[in-house]
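Take a look at the letters that make up each chain.
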Amino acid sequence: MGGWRDMSAEALEDQYSPSRWSPRLDRDTIIDAHLAVTAAGTERARASAQTSLHVPYGKGDGEKLDIYFPTDHSGTFPVLVYIHGGYWQCLSKDESGFAAPPLVSQGVAVVAVGYDTAPRGHMDTMVLQVRRSLAFLVEQYPEIRGIYLCGHSAGAHLAAMVLFTDWTEFHVVPDIKVPLPSGAVLVSGVYDLEPILHTYVNDALNMSREVAQRNSPMRHVAPAVPAACEVLVVVAQHDSPEFRRQSQEYSQALRAAGWSVSLLDLASVDHFDVIEKLSENSYILTQVILNMISRA
């Protein structure tokens, strides 16, 4: 078959260990550094923005979201919904507000979604929770005009799964002129879960092959409908070759199915600072996201 199937177990573990590929920090410190940066950024965002924290979108303990309102939210406003990474087993919404300051200052609300990570949360459950969080936002906040997804790593996978949602199952019928979502930014994601089955990542997830296939966006690429949203697939220069391959192949599959998709390959960043820098006004991805929203 070629590709990842021909790799040794050790090589495959390396390919799906993002901390091994950063030239900035060694693998033992980069995860802690990422946690520190995102937590501090979220603390700053909570101190500077008007917020509604720990808003329940369901009955489960993990089914809560944090809302960072734009500086002026007297009328309608667009929303960027951020879905955190952490290989579906760590991190939370409580370190996920760091991107809010540059966006709220430009009239965009930011919502950080919480979901039940493994081992408590099953992959099917996480996908369902993220979908339900969007349905909740549509139903509860009529002042929202346009929902844009931004997911990082595992969060990019969950955001990609949202693209193929039958919203009638959630009693939500999106306005054809305002699709749900209105746009998606998928940063350093995994879109085929089958390689994950053969790595340490699945120790906590405990996915079967059936579950991995059912929850692999690459296997669910549907022809774009007229109201299909714009998709931006982002990959870091210092992502592993497998992460880079997954982003390239997923963007190609979407394009072949008629989606409006762009692949943004960002230089001089790794799997972690590619998303951390969203706290900066001048960061290219911050500006690209604001441009996507302003064109709507």
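This one's a predicted model, so the numbers in the text were calculated from it and none came from an experiment. In every chain, residue numbers begin from 1 and rise along the written sequence. Note on the predicted model: pLDDT of at least 70 is required for a residue's local features to be given, and 80 or more for side-chain atom pairs to be given and counted; whole-chain, interface and lining totals, by contrast, use all residues. Side-chain numbers come from the whole structure's heavy atoms, not from hydrogens or water.

Angle between the axes and distance between the axes are the two parameters that describe a pair of packed helices. Every axis in this analysis is a line fitted to C-alpha atoms, fitted for helices over the stretch in contact. Angles between the N-to-C directions lie between 0 and 180 degrees. Only runs of H or I of at least four residues qualify as helices and only runs of E of at least two qualify as strands under DSSP, and these elements are numbered from the N terminus. Viewed as axis vectors pointing N to C, helix H4 (residues 123-140) and helix H5 (residues 154-162) meet at an angle of 65 degrees, and their least axial separation amounts to 9 Å. You can see that H4 and H5 cross each other, and the crossing is right-handed. Across from Met123, Met126, Val127, Val130, Arg131 and Leu134 in H4, the residues of H5 making contact are His157, Leu158, Met161 and Val162. Under the scheme applied here, ten amino acids are nonpolar (Ala, Val, Leu, Ile, Met, Phe, Trp, Tyr, Cys and Pro), four are charged (Asp, Glu, Lys and Arg), and all others, including Gly, are polar. Looking at side-chain class alone, the contact of H4 with H5 contains eight nonpolar, one polar and one charged residues. For any pair of crossing helices, the crossing counts as left-handed if the nearer helix is rotated counterclockwise from the farther one by less than a right angle, and right-handed if it is rotated clockwise. Two residues form a contact once any of their heavy atoms are found within 4.5 Å.

What follows covers the nonpolar core. In these notes, a set of buried Ala, Val, Leu, Ile, Met, Phe, Trp, Tyr and Cys residues joined through side-chain atoms within 4.5 Å is what counts as a nonpolar core. A 1.4 Å probe rolled over the protein chains alone gives each residue an accessible area, and that area as a share of the maximum for its type sets the label: buried under 20%, exposed over 50%, partly exposed in between. Val81, Trp88, Leu137, Leu186, Leu205, Met207 and Val231 are the most contacted members of the largest nonpolar core, which has 64 residues in total. For this core, the leading source of residues is H4, giving eight residues. Once residues within four sequence positions are removed from consideration, methionine 207 is found in contact with Met123, Leu193, Ile196, Leu197, Asn202 and Ala212. Membership of the second largest hydrophobic core comes to 31 residues, among which are Ala45, Ala49, Cys150 and Ala236.

Moving on: the side chain of aspartate 66. As for its position among the elements, aspartate 66 is in strand S2 (residues 64-69). Of the polar contacts made by the side chain of aspartate 66, one reaches the backbone nitrogen of histidine 54; its length is 2.8 Å. When sequence neighbours within four positions are dropped, the list of residues in contact with aspartate 66 reads Arg46, Ser52, Leu53, His54, Lys93, Asp94, Val110, Val111 and Ala112. Here a polar contact is recorded for every N or O atom pair within 3.5 Å, except that within protein the pair must consist of a potential hydrogen donor and a potential acceptor, and residues adjacent in sequence are included only if both atoms are side-chain atoms.

UniProt positions are given in the numbering used here, feature names are shortened, and annotations may be inferred rather than shown by experiment. Those places that UniProt annotates as "active site" (unreviewed entry) correspond, in this numbering, to Ser153, Asp239 and His271. Spatially, the listed residues are clustered: although they cover 119 residues, their C-alpha atoms lie within 10.5 Å of one another. Topologically, aspartate 239 is positioned in the loop between strand S7 (230-238) and helix H8 (241-256). Exposure remark for aspartate 239: the relative accessible area of 5% places this residue in the buried category.

Attention now goes to the environment of leucine 278. Here leucine 278 lies in the loop between helix H9 (273-276) and helix H10 (284-294). Expressed as a C-alpha distance, the spacing of leucine 278 and proline 101, which sit 177 residues apart in the sequence, is 9.2 Å.

With that out of the way, let us pick up the side chain of asparagine 202. In this fold, asparagine 202 is placed in helix H6 (residues 202-205). Overall, asparagine 202 belongs to the buried group, its relative accessible area being 11%. Here asparagine 202 is in contact with Ile196, Leu197 and Met207, once residues within four sequence places are set aside.

Take the UniProt feature "domain: BD-FAE-like" (unreviewed entry) in the protein next. Per the UniProt annotation, the sites labelled "domain: BD-FAE-like" (unreviewed entry) are residues 65-164. The distance separating the terminal C-alpha atoms of residues 65-164 is 22 Å; by composition the span is 32% helix and 26% strand.

Tracing the backbone shows asparagine 215 in the loop between helix H7 (209-214) and S7. Residue asparagine 215 is classed as buried on the basis of its relative accessible area of 3%. Sequence separation between asparagine 215 and glutamine 252 is 37 residues; the distance between their C-alpha atoms is 19 Å. Not counting residues within four places of it along the chain, the set of residues in contact with asparagine 215 comprises Met123, Asp124, Val127, His157, Met161, Leu193 and His220.

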